[in-house]
Every structure is written in structure tokens, then in C-alpha cells.
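Coordinate inspection notes
What follows is each chain in one-letter form.
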Amino acid sequence: MEKKSIFVKNYITYCSIGIYPNEKQKKQKIKISINLDLKKVNSKDTISSTVSYEKIISVLQEIKKYQHINLLETLAKKILFNIKKINNLKRIKIEIIKCNILTGDQEVGITLEKSLIK
């Protein structure tokens, strides 16, 4: 059985997010990765046979316009709501990392995964 996934990895944007007063003062840098498993795998060499990366990126570009959000979980649910509008999806996985929170190579964030198959 063939499986096909489309992804955007490490998309960087800024948004107003966090529960602490200092986090509400200015937008923070976040890194988002989205992985979409497709229902149907089509071998045609046409854009209509797959999901365009542009659709994923357009959802991610809207984040910088959002009002303040307290939790990464809430942001992930908003992204999920908009990504679900894309056709031919079987599963969505969203990873959000808050950048510059810890020093060194450490990162903090969340992952939200949702199956769309009933």
C-alpha cells in the first residue's frame, strides 16, 4: 500500500502568544511544521492530483494577523480548523515550537495530531 504525505517544515512566523504579561507586549517567534497524510494517492503529474503546498502556506501566513492567543494548544486548534478545509486529507499533524524561550538547542512546544478518517 502506498502512502503519500505533504509537509511544510520549520515555517517561521511571529504571533502574540503566551499567558505572561511580558508575552502580551510583543509578538514572539514561533516555528511550525505541518504534515498531511493524503487519502488518495494519484500518480498523475498534475497539481490537481495532490495538495498544493501553497494551501498550507496560506493558512500559516494568516497566523500573524491573529489576535492574542494564550496557549499554543489554542493556536494549533485554529490552524487545524483551517487546514481541515483542504480536500483529500486523512491525517493532520501540527507541531508548534516557541523559539527563544530556552537557551542552547532546547525547544518547547506542542504537537497536535488528528485523524480525519471516520
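Everything quoted here is computed from the prediction, not taken from an experiment.

What follows concerns the sheet that holds strand β4 (residues 108-115). In spatial order, the strands read β1-β2-β3-β4; together these four strands make up an open sheet with antiparallel pairing. Each end of this open sheet is capped by a strand with a single partner; those strands are β1 (5-15) and β4. Each strand axis lies, on average, 15 degrees off the axis of its neighbour in the sheet, ignoring direction. Pairing of β1 with strand β2 (residues 28-38) involves nine bridges; the strand directions are antiparallel. Paired with tyrosine 14 across the two strands is lysine 29, which belongs to β2. In this fold helix α1 (residues 53-61) packs onto β1 and β2, with an angle of close to 20 degrees to the strand it touches most, β1. Packing of helix α2 (residues 72-83) onto the sheet brings it into contact with β1, β2, β3 (89-98) and β4, and relative to β3 it is tilted by some 150 degrees.

Before going further, it helps to examine the pattern of salt bridges. Using the criterion set out here, one finds six salt bridges in the structure. In this structure, lysine 31 engages glutamate 107 in a salt bridge whose closest nitrogen and oxygen atoms are separated by 2.9 Å. Taken together, the residues lysine 31 in strand β2 and glutamate 107 in the loop between β3 and β4 connect sequence positions 76 residues apart. Judged by relative accessible area, which is 17%, lysine 31 ranks as buried. Taking the shortest distance from any N to any O, the salt bridge between lysine 65 and glutamate 62 comes out at 3.4 Å. Lysine 65 sits in the exposed class, given a relative accessible area of 57%. The class of glutamate 62 is partly exposed, set by a relative accessible area of 36%.

Thresholds, definitions, all that
- Residues numbered from 1 in each chain as written.
- Predicted model: local features only at pLDDT ≥ 70, side-chain atom pairs only at ≥ 80, totals over all residues.
- Heavy atoms only, no water.
- Pairing = 2+ DSSP bridges.
- Helix = DSSP H or I, 4+ residues; strand = E, 2+ residues; numbered from the N terminus.
- Axes fitted to C-alpha atoms, helices over the stretch in contact; angles between N-to-C directions.
- Contact = heavy atoms within 4.5 Å.
- Salt bridge = Lys/Arg side-chain N within 4 Å of Asp/Glu carboxyl O.
- Buried < 20%, exposed > 50% of the residue type's maximum accessible area, 1.4 Å probe, protein only.

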